[in-house]
Amino acid sequence: MSSKKLNLTLKVWRQAGPNEKGEFKTYYANNISTEASFLEMLDIVNEELEARGEDPIAYEHDCREGICGTCGMVINGRPHGPLQGITTCQLHMRHFKDGDVIYIEPFRAKAFPVIKDLVVDRSAFDKIIQAGGFISVNTGSAPEANSIPVKKENAELAMDAAACIGCGACVAACPNASAMLFVSAKVSHLALLPQGLPEREIRVQKMVAKMDELGFGNCSNVGACEAECPKEIKITNIARLNREFYRARFLSNVEE
Amino acid sequence: MGWFLKTFNYSVGKKLLMALTGFFLILFLCIHLFGNSFLYLGRDAFNNYVHFLNETDLVYIIRVIEIILVLGFAFHIWDGIRLWWQNRKARPVKYFVKTVDPKSTWTSRNMIYSALIIFVFLIIHLRNFWYEFKYGSIKETGATDYDIVVKTFQDPVYMIFYVVAMVFLFLHLHHGFQSAFQTLGINHKKYTPFIVWFGRVIAFVLSAGFASFPIYFFFFYGGN
Ligand code: HEM
Ligand code: SF4
Ligand code: FES
């Protein structure tokens, strides 16, 4: 495939700090190769901004291969851009047309305050994990992997749920800014495995309580999260989270 | 008891209350539709049915059911408004570009609006029928319950309003029925496609069923 060059207009949310007022600023990205990634396109724009002595556009990135989950932003109204099953860093410019106007906004949620420009504070997710998204094991050498049998179906469901990279796109996509897809993925992958069972009842209650406390919205079963999740986590996990929650509240004696 | 009530203060518990009251209201609508269908059997059949509910010994059971029904509506409405308000607060700064992903339905994102129209309908509905049947001055002229219904449905404005409200009931249940199963934790490869399909059938049968009465009495009813 031969590469082409694109001339684009970017409308980017610029906000100097958490308590500053933000606004959209217009930038022109000229001569962008269709082989560039979206983040490389932003890098090119930033180099030009720096050369002119202007403040570059702040955005988060680390692995640039869809693993770390830091690079989330809303591109033309879609978290991680218009494609399915990929993160922003995996989006390439060949999916855009010459002359396109691209709006770039940060994830919007009360629980994800803007730090600067497109960078939001997603530490709320860490707090939810700290509340219960772990198992207790002895330190030392790793236990033998096959000593406890796990049935294949559960192993696969747990693996699918564990694919969640904590990027926050589900929150960004949800009209209620709900974190249910993230929490359901974390609760599911532990509830499906024997190693997760000792803390099964307390975990789901603590994680739901923490999610509520941090100001995420409630789940209306809209399904926008599933559609935008780069790891294609399914809302069947949310049904499982609900089951786990009722089981813990109504059938066990464990109180959060 | 404390643990029980506390459950409904978790987000998942709030949704559980929503789903349970929602199912209860759907059950009520099914029975209500069955009762209304006596209208098609004529004046005597309908009046006897209303009489049977209100003036036989059944009345004591009916009163109890009415109280449960009012509570069902009250909890559903209160919980719905509470959820909607919290969901609004969870995103204080809105997106500038409002493109929505192509997979989520309009109805699921706008439950509060279909709900508000159903609510307004409910108030007017109670005023026109429940109040008129019980305390209406028209009764002094010898009009029966059946006549009140016919007369009300022959008002074009009310007829249109009723039908429009039923469209919104359809939208509410189109999402609501299958959503309530998901809330209860029932999402299963084998059954969910049927639940989604059946929910649409229920939504259609209920809304079209109720809308058929004003349409019939406005357009096709030729007197006795
Ligand atoms: C006869 C009337 C009604 C029926 C049969 C009904 C039924 C339902 C059902 C089954 C659900 C789905 C519950 C779930 O997602 O778990 C629902 C959701 C909802 N209902 Fe109703 N409803 C009725 C009237 C109302 C009214 C009057 C309101 C007024 C506020 C209302 C507000 C809502 C809201 C806001 C939701 C969405 C909750 C959410 O998912 O966040 N409903 N309804
Ligand atoms: S569930 Fe998907 S969208 Fe949500 S945090 Fe995990 S990977 Fe991101
Ligand atoms: S930079 Fe790591 S997922 Fe995009």
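The rules behind the values
Residues numbered from 1 in each chain as written. Chains lettered and ligands numbered in written order. Predicted model: local features only at pLDDT ≥ 70, side-chain atom pairs only at ≥ 80, totals over all residues. Heavy atoms only, no water. Helix = DSSP H or I, 4+ residues; strand = E, 2+ residues; numbered from the N terminus. Buried < 20%, exposed > 50% of the residue type's maximum accessible area, 1.4 Å probe, protein only. Areas by Shrake-Rupley, 256 points an atom, 1.4 Å probe, with all protein chains shown as cover. Lys, Arg positive; Asp, Glu negative; His and termini not counted. Charge placed at Lys NZ, Arg CZ, Asp CG, Glu CD. Domains from an automatic or database assignment. Buried area = accessible area lost by both parts, 1.4 Å probe. Salt bridge = Lys/Arg side-chain N within 4 Å of Asp/Glu carboxyl O. Polar contact = N/O pair within 3.5 Å; in protein donor to acceptor, adjacent residues only side chain to side chain. Nonpolar A, V, L, I, M, F, W, Y, C, P; charged D, E, K, R; others polar. Patch = residues over 30% accessible without salt bridge, like charges linked within 9 Å, V, L, I, M, F, W, Y side chains within 5 Å. Near = heavy atom within 4 Å. Core = buried A, V, L, I, M, F, W, Y, C linked by side-chain atoms within 4.5 Å. Pairing = 2+ DSSP bridges. Axes fitted to C-alpha atoms, helices over the stretch in contact; angles between N-to-C directions. Parallel < 35°, antiparallel > 145°, perpendicular 65-115°, else oblique. Left-handed = near helix turned anticlockwise from the far one by under 90°. Contact = heavy atoms within 4.5 Å.

1. Thoughts on the overall build of chain A
Looking only at helices and strands, chain A features 8 helices and 7 strands. Dimensions of chain A along its principal axes, counting C-alpha atoms only, are 60 × 45 × 40 Å. Within chain A, the proportion of its 256 residues that are buried is 54%. Looking at chain A as shown, the accessible area adds up to about 11600 Å², and 49% of this sits on carbon and sulfur atoms. Treating the 29 positive side-chain charges of chain A as one cloud and the 33 negative ones as another, the clouds have centres 4 Å apart.

2. Notes on the domain arrangement of chain A
All names here are of chain A. When the domains of chain A are assigned, the result is domain 1 (5-115) and domain 2 (123-251). Taking only C-alpha atoms, the centre of domain 1 and the centre of domain 2 are 29 Å apart. Among the residues domain 1 hides against domain 2, the three largest losses belong to Pro79, Ala111 and Phe112. Together they make up 33% of the total. Our count for the domain 1 to domain 2 interface comes out at 1 salt bridge. Taking the shortest distance from any N to any O, the salt bridge between Glu228 and Arg78 comes out at 2.6 Å. Between domain 1 and domain 2 we count 3 residue pairs in polar contact (both at pLDDT 80 or more) in total. In the side of domain 1 that touches domain 2, the residues fall into 8 nonpolar, 7 polar and 3 charged.

3. Looking at a nonpolar patch on the surface
All names here are of chain B. Taken together, the side chains of Phe194, Trp197, Phe198, Val201, Phe204 and Val205 present a nonpolar region at the surface, about 600 Å² in accessible area. The topology assignment puts Val201 in helix H9 (residues 192-220). Overall, Val201 belongs to the partly exposed group, its relative accessible area being 31%.

4. A word on the site of ligand 2
Residues and elements named next belong to chain A. Residues in close proximity to ligand 2 total 14 residues, the closest being Cys164, Cys167, Gly168, Cys170 and Cys229. Going through the elements one at a time, helix H4 (169-173) and helix H5 (180-191) are the ones with two or more residues in the shell around ligand 2. Taken together, the residues of the shell around ligand 2 break down into 11 nonpolar, 2 polar and 1 charged.

5. Description of the site of ligand 1
The environment of ligand 1 is formed by 20 residues, the closest being Ser220 of chain A together with His76, His172, Ser179 and Thr183 of chain B. The residues that come close to ligand 1 belong to more than one chain, namely chains A and B. Thr183 of chain B places a polar side-chain atom, nitrogen or oxygen, 2.8 Å from an oxygen atom of ligand 1. For the shell around ligand 1, the secondary-structure elements that each account for two or more residues are helix H2 (11-36), helix H4 (59-89), helix H6 (111-135) and helix H8 (156-183) of chain B. Partitioning the shell around ligand 1 into residue classes produces 11 nonpolar, 8 polar and 1 charged.

6. Focus: the nonpolar core
Core analysis: the biggest nonpolar cluster contains 49 residues, and Phe112, Ile128, Val171, Val183 and Phe216 of chain A have the highest contact counts within it. Contributing elements (two or more residues each) for this core: helix H2 (123-132), H4, H5, helix H6 (200-213) and helix H8 (236-251) of chain A together with H2 of chain B. Top contributing element to this core by residue count: H5 of chain A, with 6 residues. Counting the residues that make up this core, at least three belong to each of domain 1 (5-115) and domain 2 (123-251) of chain A. The next biggest cluster of nonpolar side chains, apart from the first, holds 31 residues, and it includes Tyr49, Val50, Ile195 and Phe210 of chain B.

7. Quick look at the sheet that holds strand E4 (residues 78-79) of chain A
Residues and elements named next belong to chain A. In spatial order, the strands read E2-E1-E5-E3-E4; together these 5 strands make up an open sheet with mixed pairing. Sheet topology places strand E2 (23-33) and E4 at the edges, where each strand pairs with a single neighbour. Sheet analysis places strand E3 (residues 74-75) next to strand E5 (residues 101-105), joined by 2 bridges and oriented antiparallel. Looking across to E5, one finds that Ile75 is bridged to Ile104.

8. Some points on the packing of H2 of chain B against H4 of chain B
Residue and element names in this part refer to chain B. H4 packs onto H2 with a crossing angle of 140° between their chain directions and a minimal axis gap of 9 Å. Taken together, the axis directions place H2 and H4 in an arrangement best described as oblique. Where H2 crosses over H4, the handedness of that crossing is left-handed. Between H2 and H4, the contacting residues are Lys14, Lys15, Leu17, Met18, Thr21, Gly22, Phe24, Leu25 and Phe28 on the first element and Ile68, Leu69, Gly72, Phe73, Phe75, His76, Trp78, Asp79, Gly80, Arg82, Leu83 and Gln86 on the second.

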